[in-house]
Amino acid sequence: MLEIKNLHARIGEKEILKGVNLSIPDGQIHAIMGPNGAGKSTLSYVLSGRDGYEVTEGEVLYNGANILEMAPEDRAIAGIFLAFQYPVELPGVGNANFLRTALNAIRRKRGQEELDAVAFLKLARAVVKSLHMKEDFLKRNVNVGFSGGEKKRNEMLQMTLLQPGLAILDETDSGLDIDALKIVADGVNALRSEKFSALVITHYQRLLDHIIPDMVHVLAGGRIVRSGSAALALELEEHGYAGLEAA
Amino acid sequence: MSVSTVEALAEQKYKYGFTTEIAMEEFPRGLSEEIVRLISARKGEPDWMLEWRLKAYALWRKMEEPDWARIKHPPIDYDDLYYYAAPAAPAPKSLDEVDPELLKTYEKLGIPLNERAALAGVAVDAVFDSVSVATTFRETLSKAGVIFCPISEAVREHPELVRQYLGTVVPAADNFFAALNSAVFSDGSFVYIPKGVRCPMELSTYFRINARNTGQFERTLIIADDEATVSYLEGCTAPMRDENQLHAAVVELVALEGAKIKYSTVQNWYPGDEQGRGGIYNFVTKRGACRGRNSKISWTQVETGSAITWKYPSCILQGEGSVGEFYSVALTNNFQQADTGTKMIHLGRNTTSTIISKGISAGHSNNTYRGLVKIMAGAQGARNFTQCDSLLIGDQCGAHTVPYIESRNASAKVEHEATTSKIAEDQLFYCRSRGLSQEDAVGLIVNGFCKDVLKELPMEFAVEAQKLLSVSLEGSVG
């Protein structure tokens, strides 16, 4: 269960989030839509602990724990995963090595046994196959020379392997063609369970044709200005965001 | 948690900083003809060797310390140093006679000299201050005809080989530190691989400085005869001391027709503390001559230690079709200074060279790549590829690249690529959001940056080198 209560955050002197309230129960997928500059990416970075954002008011609880006091790695260990809008390149770092290091860091902290190279590869290959990706994904360097679509798929590979309790997708659909969009949607849908929840941040409605959300929220001017069922996304598609900020 | 101010300030954990309590024999401070004679006599050297040393000493007296490198240090008082320090007990004839304190020292360093406990497939020559204290697996090697012994022993036992090759790659007059080394070198390793022999195991020398105020001047000579192959590795550590200590070594490699020499270094001399006090001055001349057709010399170095590193392992590519390689990782943290690189001198036709240099600077350190690619008139069809990459951690450090290219043959092809980058905050955040700690993230990124070089190291040492890189950067991001 994720609970965001009266969250205010700023970058430097500029207040971006002005009192966000949102609850996502386990097992649900919520979408956040909104115009450019509404604070969508800021919300995802504040939730995952990126530097440079100052929370001035409010709190964020995940399974009852205040995550705002946690380092980014501890949030990952607690089960939060951020799929990046612009996944970062790590030259010379093999994808398999990166994934295994990450998975084992999380397993170690959770008191689970670490996976050796053989056990890890077996697991990783199965995941690669389930996502209809080529096996050479594991051998390539993290995101180096990947196309936009490949980078997003790699995010889905990481997410599926790390098995988060809460996934935050920060405009993961931006710049994707329809095939890549489906892969992202398949990745999220495959994780759907009573123990999994997701916050899907998107500018466009089309991703929500493939990931049907339980609720849709509109973020505008640093606040949630409207909430509704999946049908709200269609309405926004038709009428745009105009006039919502004042609401 | 403040990733935004990436600073390199924290202490470096140097786990080899202990000292060994052992009775030592030291010659009086300072350098004179008398000291040179004393060293030679102590080693029981023949007259020709003493003459050679005295000539070098006379040259050195007239030479000036070089000042072109991008390094700074207070003047070194050469008359205040000890030039010879050795365990007082007589030289051991076999491993059983080695002082248990010394065996313990090497065990603590992770270099067991007991053959049963030794690293599988690696023969070790252990040099403690001025002398070699033990060489393992000598019998196994001699069955293959390989000579692997302290150079002081080679001077007595194999004078014909030593006289033929010593000083032919790095002459005494080459530079100030080479002349100094030629006059006072006390020990080091000698390797000879006979024709057609592939050395059956990795050879390794482990250098340890222990005594205070003592310079270490080791000399290594490796000869690979026609079609011979050898892989050699050196490692170095020293105690933590407040004063600076001088290490001025010379390494000469000779590769005859079709011979291949791979020389790897993991240099971890004491780098000084976080304020820049103490540490080793590592002023080293390393050069290999590819004399025969199709011979190959490959240098791989991982330099993480020393207060100052001044070192340019080079190749003279004389034989037609010969190949020179230089793979380097130089990491500086705190107040360390490194000015390192290579020289590739192309003399023969169709000679090729490859230079891959990775410099990592953190803290207040300065890291310079300095390299020369020289194509002589006769080097028809010569080729070089150079890649120099620098990685900056924090905003108080410096990275500098000084490449020189001289070509006197129009058919030559020379390529140079260089990049400078910082560990980006979004890279760190990306790793951390996947559950990696900040330090693991830095280690992963730095090791990725160095991968092209690390993969050239022998397997056993590549793992060690990766750990060393992470340890040397501990606390550099905070």
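Owing to the predicted nature of the structure, the values given are computational and were not obtained by experimental measurement. (Residues numbered from 1 in each chain as written. Chains lettered and ligands numbered in written order. Predicted model: local features only at pLDDT ≥ 70, side-chain atom pairs only at ≥ 80, totals over all residues. Heavy atoms only, no water.)

## Some remarks on the interface of chain A and chain B
Right, so step 1: Facing the 35 residues of chain A at the interface are 22 residues of chain B.
Right, so step 2: When chain A packs against chain B, close to 2,100 Å² is buried across both sides, 64% of that on carbon and sulfur atoms.
Right, so step 3: On the chain A side of the contact with chain B, A:D51, A:E73 and A:V88 bury the most area, a combined 26% of that side's loss.
Right, so step 4: B:R432 is the partner of A:E73 in a salt bridge, and the nearest nitrogen-oxygen pair spans 2.7 Å.
Right, so step 5: Here chain A and chain B share 10 residue pairs in polar contact (both at pLDDT 80 or more) between them.
Right, so step 6: Elements represented by at least two residues in the side of chain A that touches chain B include exactly α1 (40-48), α2 (72-78), β6 (80-83), α3 (95-109) and α5 (148-162) of chain A.
Right, so step 7: It is α3(A) that contributes the most residues to the side of chain A that touches chain B, seven residues altogether.
Right, so step 8: In terms of residue class, the side of chain A that touches chain B is made up of 21 nonpolar, eight polar and six charged. (Contact = heavy atoms within 4.5 Å. Buried area = accessible area lost by both parts, 1.4 Å probe. Salt bridge = Lys/Arg side-chain N within 4 Å of Asp/Glu carboxyl O. Polar contact = N/O pair within 3.5 Å; in protein donor to acceptor, adjacent residues only side chain to side chain. Helix = DSSP H or I, 4+ residues; strand = E, 2+ residues; numbered from the N terminus. Nonpolar A, V, L, I, M, F, W, Y, C, P; charged D, E, K, R; others polar.)

## Focus: the sheet that holds strand β1 (residues 2-11) of chain A
All names here are of chain A.
Right, so step 1: Read from one edge to the other, the open sheet built from four strands follows the order β2-β1-β4-β5, with strand pairing classed as antiparallel. The open sheet terminates on both sides in strands that have one partner only, identified here as β2 (14-24) and β5 (65-66).
Right, so step 2: On the sheet, α1 packs against β1, β2 and β4 (54-62) and is oriented at approximately 110 degrees with respect to β1. (Pairing = 2+ DSSP bridges. Axes fitted to C-alpha atoms, helices over the stretch in contact; angles between N-to-C directions.)

## Side note on the sheet that holds strand β8 (residues 197-202) of chain A
All names here are of chain A.
Right, so step 1: Strand order across the open sheet formed by six strands is β6-β7-β8-β3-β9-β10, with mixed pairing between neighbours. The open sheet terminates on both sides in strands that have one partner only, identified here as β6 and β10 (223-228). Averaged over all pairs of adjacent strands, the angle between strand axes in this sheet comes to 20 degrees, irrespective of strand direction.
Right, so step 2: Inspection of the sheet shows β6 paired to strand β7 (residues 166-170) by four bridges, in the parallel sense. Residue pairing across strands places L82 opposite I168, the latter belonging to β7.

## Description of the packing of aromatic side chains
Residue and element names in this part refer to chain B.
Right, so step 1: What the rule picks out here adds up to 21 aromatic pairs over all chains.
Right, so step 2: When the ring of Y57 is compared with that of W60, the centres are 6.3 Å apart and the planes differ by 35 degrees; the resulting orientation is tilted. Remark: W60 and Y57 occur in helix α2 (residues 47-61); sequence separation between them is three residues, near one turn of the helix.
Right, so step 3: An angle of 50 degrees between the planes, with centres 5.6 Å apart, marks the rings of W68 and Y312 as tilted. A residue pair is termed long-range when its members are at least 10 positions apart, and W68 in the loop between α2 and β2 (85-87) and Y312 in the loop between β15 (308-311) and β16 (314-317) qualify at 244 residues.
Right, so step 4: Owing to a relative accessible area of 11%, Y312 belongs among the buried residues under this scheme. (Phe/Tyr/Trp six-rings, centres within 6.5 Å; stacked < 30°, edge-to-face > 60°. Buried < 20%, exposed > 50% of the residue type's maximum accessible area, 1.4 Å probe, protein only.)

## Remarks on α2(B)
Right, so step 1: Across its 15 residues, α2(B) extends 21 Å between first and last C-alpha, which sits within 8% of the 21 Å expected from 1.5 Å per residue.
Right, so step 2: On the buried face of α2(B), the contacting elements are α1 (33-42), α5 (151-157), α6 (159-165) and α7 (176-184) of chain B. (Expected span 1.5 Å × (residues − 1).)

## Here's the deal with empty space enclosed by the protein
Residues and elements named next belong to chain B.
Right, so step 1: Under the defined criterion, the tally for this structure stands at six cavities of 30 Å³ or more.
Right, so step 2: In this structure, the largest cavity spans a volume of roughly 90 Å³.
Right, so step 3: The wall of the largest cavity is formed by 15 residues, among which S357, G359, N367, T368 and Y369 lie closest to the centre.
Right, so step 4: At the level of secondary structure, the elements contributing two or more residues to the lining of the largest cavity comprise β19 (352-361), β20 (366-375), β21 (383-392) and β22 (398-407).
Right, so step 5: No other element matches the four residues that β19 contributes to the lining of the largest cavity.
Right, so step 6: Per-class residue counts for the lining of the largest cavity are four nonpolar, nine polar and two charged. (1 Å grid on protein atoms, 1.4 Å probe; cavity = no way out; pocket = protein on both sides within 12 Å on 5 of 7 lines; lining within 4 Å. Points joined across faces, edges and corners; volume = space filled by probe spheres on them.)

## With respect to the layout of surface pockets
Think of a ball as big as a water molecule: rolled over the atoms, this probe shows where empty space is left.
Right, so step 1: In this structure, the second largest pocket occupies an estimated 590 Å³ of space.
Right, so step 2: If you go around the second largest pocket, you meet 20 residues; those closest to its centre are A:N97, B:G443, B:L444, B:N447 and B:Q466.
Right, so step 3: For the lining of the second largest pocket, the elements supplying multiple residues, two or more each, are α3 of chain A together with α9 (438-449), α10 (451-454) and α11 (459-472) of chain B.
Right, so step 4: In terms of residues, the lining of the second largest pocket owes the most to one element, α9(B), which gives six residues.
Right, so step 5: Broken down by class, the residue content of the lining of the second largest pocket amounts to six nonpolar, nine polar and five charged.

## Focus: unusual backbone geometry
Trans peptide bonds make up most of the peptide bonds, and negative phi angles are found at most residues other than glycine.
Right, so step 1: The residue A:N6 is not glycine, and still its phi comes out positive at about 50 degrees.
Right, so step 2: Mapped onto the elements, A:N6 comes out in strand β1.

## Quick look at helix α8 (residues 425-432) of chain B
Right, so step 1: Among the eight residues of α8(B), six are classified as buried, and the element is accordingly described as predominantly covered.
Right, so step 2: B:Q427, B:L428, B:F429, B:Y430, B:C431 and B:R432 are the residues of α8(B) that are buried.

## Examining the packing of helix α4 (residues 117-130) of chain A against α5(A)
Residues and elements named next belong to chain A.
Right, so step 1: Two elements in contact, α4 and α5, have axes separated by 10 Å at closest approach and are oriented at 125 degrees. The orientation of α4 relative to α5 falls into the category oblique. Relative to α5, α4 is oriented so that their crossing is right-handed. Residues F120, L123, A124, V127 and V128 of α4 touch α5, and the partners they reach there are L157, T160 and L161. (Parallel < 35°, antiparallel > 145°, perpendicular 65-115°, else oblique. Left-handed = near helix turned anticlockwise from the far one by under 90°.)

## Focus on the environment of A:L131
Residues and elements named next belong to chain A.
Right, so step 1: Structurally, L131 can be placed in the loop between α4 and α5.
Right, so step 2: By relative accessible area, L131 is classed as buried at 6%.
Right, so step 3: Counting along the chain gives 25 residues from L131 to M156, while the straight-line C-alpha distance between them is 8.2 Å.
Right, so step 4: The residues touching L131, leaving out its near neighbours within four places in the chain, are M156, L157, T160 and G187.

## Some words on the nonpolar core
Right, so step 1: Among the nonpolar cores identified, the biggest contains 109 residues, and A:I4, A:L157, A:L199, B:I360 and B:V446 are the most heavily contacted of them.
Right, so step 2: Ranked by size, the runner-up nonpolar core spans 37 residues in total, among them B:C199, B:A259, B:C290 and B:A412. (Core = buried A, V, L, I, M, F, W, Y, C linked by side-chain atoms within 4.5 Å.)

## So, the confidence of the model for chain B
Right, so step 1: Per-residue confidence for chain B gives a mean pLDDT of 86; residues scoring 70 or more make up 86%.
Right, so step 2: Predicted as a complex, the structure gets a pTM of 0.83 and an ipTM equal to 0.94. (pLDDT = per-residue confidence, 0-100.)

## What about the side chain of B:S182?
All names here are of chain B.
Right, so step 1: Among the structural elements, S182 can be located in helix α7.
Right, so step 2: Separated by 2.8 Å, the side chain of S182 and the backbone oxygen of A178 make a polar contact.
Right, so step 3: Among the polar contacts listed, one links the side chain of S182 to the side chain of R219, at a separation of 3.0 Å.
Right, so step 4: Ignoring anything within four residues of it in the chain, the contact list for S182 reads W52, R53, A56, A172 and R219.

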